[in-house]
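Next come the chains, spelled out residue by residue.
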Protein chains: 2
Amino acid sequence: MVKGKLSERQRRMLDFIEKFSNDSGYPPSIREIGKAVGISSTSVVNYNLNRLVDEGYLDRDQNVSRGIRLTEKLLKSVGKLSDVIRIRKVGRIFASEPVPLPSTDSPIFGADEAIEITRDLLSTTDGLFALEVKGDSMIDAMVNDGDVVVMKLAPDWHNGDMVAVWLKDKEETTLKHIYREGAKVRLQPANPTMGPIIIDDPENLEVQGKVVLVVRQLN
Amino acid sequence: MVKGKLSERQRRMLDFIEKFSNDSGYPPSIREIGKAVGISSTSVVNYNLNRLVDEGYLDRDQNVSRGIRLTEKLLKSVGKLSDVIRIRKVGRIFASEPVPLPSTDSPIFGADEAIEITRDLLSTTDGLFALEVKGDSMIDAMVNDGDVVVMKLAPDWHNGDMVAVWLKDKEETTLKHIYREGAKVRLQPANPTMGPIIIDDPENLEVQGKVVLVVRQLN
DNA sequence: ATTCTAACGGAACATACGTTCTATGTCAAG
DNA sequence: CTTGACATAGAACGTATGTTCCGTTAGAAT
């Protein structure tokens, strides 16, 4: 083998080991690797595993069942697993109340209530907070009851941002894409079949944050 | 034992299993657990492991060495950040095509795109694949152009599951909550203001997978 | 053509490993 | 005091598991 270049068989072995370990919670045995990759001899699997150790993709512990460990080099080469960011849930978002903004007070949820999101999914990690949507009132924002929205404060919002807006006269929170149009503000539903709301007096609304991510879990 | 309350021995076992798994990259064997916790009999370790499974802290695979998996409940109780699960993106979901299903072949290593999701957000980690939504045709499913849907194959779907259905006569994919009603099938949009589709002949549809998570990134 | 190295493959082996069985002990409930 | 459920413990067993040995093959280098 050319040093630094993996054979096709070795690459298939790594791929299998990485997937198997993720799916099962434990590494595969020599025989499981052989079966998956089409190698009938445990000594050939053993030989190739040792080559992968030499190349730095795996560690092995001797005389131990499933004694295979993925190395950082391997994880990087499959596309480094993303860091996890922990975002506090500060409460729920209702149509009839302003967004509960993060503060130093005890949040509605327990102090430890949080959602964990991979870093790749987030455009920023500064000043994020999460809210759980209650009710059907956000459906024009394509956001369901039970969805989690990750937001950040938006002192400087831009046209097209999806924001949580508190409409003072209606005493209502809504999620909309916001656009400044002259002296007015246009609130555009995410659902393309719905029409916008034009706010003649921007003093009537309060932009409480902008949405950076929506997560919907289904069972 | 009082249900829901762990004995001291069981708590020490969990603590050891979690630490050992982190340090070594693989779970401990029955005998390693026994040695660490001071239990000389493999059947006592086995008995207590089964109690921990009953309480939801562990999963076990039968007749497999180191066939112990930490559950989400355990990881939460030790306050540990969620694992990251890498889910292959197998393509895009269009209204006018069937869902591109994951191939049984091993992919060329590193070739596919993937999305990384924290384990907490997922009800299962088996057999997941991800698709990016193209077009506005899924808006009745509350799913936007550009959203990522995480799915799994659904040989046994249940009433209420959100599934990707290929409608043969219309040559169209749609995402709907599915219900079996006698000999017919009801496809219910996620948007509560929209009416259902009744499928008189279930042979006309093909359930291609069920949705377990929707992720929407906004910039 | 020959030699050398890498890779392969089957077989054997010893130990690791999880499961099962049987017996005993503890303690709460009646 | 008795009973039953839970927990313990040792032993046995069959299978899983990794390592080692020996021989073969393929291809590059000479």
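See the structure above.
Residues numbered from 1 in each chain as written. Chains lettered and ligands numbered in written order. Predicted model: local features only at pLDDT ≥ 70, side-chain atom pairs only at ≥ 80, totals over all residues. Heavy atoms only, no water.

**Structural notes on the overall build of chain A**
Then, in step 1: Of the regular secondary structure elements, chain A holds 4 helices and 11 strands.
Then, in step 2: Against the compact-globule benchmark of 17 Å for 219 residues, chain A has a radius of gyration of 25 Å, which places it well outside the compact range.
Then, in step 3: Based on the C-alpha atoms only, the size of chain A along its principal axes is roughly 75 × 35 × 30 Å.
Then, in step 4: When burial is assessed residue by residue, chain A has 46% of its 219 residues classed as buried. (Helix = DSSP H or I, 4+ residues; strand = E, 2+ residues; numbered from the N terminus. Rg over C-alpha atoms; globule rule 2.2 N^0.38 Å. Buried < 20%, exposed > 50% of the residue type's maximum accessible area, 1.4 Å probe, protein only.)

**Remarks on the interface of chain A and chain B**
Then, in step 1: Each side of the interface is counted separately: chain A has 54 residues, and chain B has 53 residues.
Then, in step 2: Counting across the chain A and chain B interface gives 0 salt bridges.
Then, in step 3: Run the count over chain A and chain B and you get 17 residue pairs in polar contact (both at pLDDT 80 or more).
Then, in step 4: For the side of chain A that touches chain B, the secondary-structure elements that each account for two or more residues are α1 (8-24), β2 (68-70), α4 (72-77), β3 (84-93), β4 (114-118) and β11 (205-217) of chain A.
Then, in step 5: Examining the composition of the side of chain A that touches chain B, we find that 7 residues originate from one element, β11(A), more than from any other.
Then, in step 6: For the side of chain A that touches chain B, the residue count by class is 25 nonpolar, 15 polar and 14 charged. (Contact = heavy atoms within 4.5 Å. Salt bridge = Lys/Arg side-chain N within 4 Å of Asp/Glu carboxyl O. Polar contact = N/O pair within 3.5 Å; in protein donor to acceptor, adjacent residues only side chain to side chain. Nonpolar A, V, L, I, M, F, W, Y, C, P; charged D, E, K, R; others polar.)

**A closer look at unusual backbone geometry**
All names here are of chain A.
Then, in step 1: The residue arginine 66 is not glycine, and still its phi comes out positive at about 55°.
Then, in step 2: Secondary-structure assignment places arginine 66 in the loop between β1 (58-60) and β2.
Then, in step 3: Of the residues examined, arginine 66 reaches a relative accessible area of 7% and is grouped as buried.
Then, in step 4: Positioned with a positive phi, glutamate 171 is a non-glycine residue whose angle comes to about 50°.
Then, in step 5: Here glutamate 171 falls in the exposed class, since its relative accessible area comes to 55%.

**Some words on the pairing of strand β5 (residues 128-133) of chain A**
Residues and elements named next belong to chain A.
Then, in step 1: Summarising burial for β5: 6 of the 6 residues are buried, a large majority.
Then, in step 2: Every second residue of β5 is oriented toward a common face, with Leu128, Ala130 and Glu132 on one face and Phe129, Leu131 and Val133 on the other, all of them buried.
Then, in step 3: Pairing between β3 and β5: 4 bridges, direction parallel. Bridge pairing links lysine 89 to alanine 130 in β5.
Then, in step 4: Examined bridge by bridge, β5 and strand β6 (residues 148-152) share 5 bridges and lie antiparallel to one another. Residue pairing in the sheet places leucine 128 in a bridge with lysine 152 of β6. (Pairing = 2+ DSSP bridges.)

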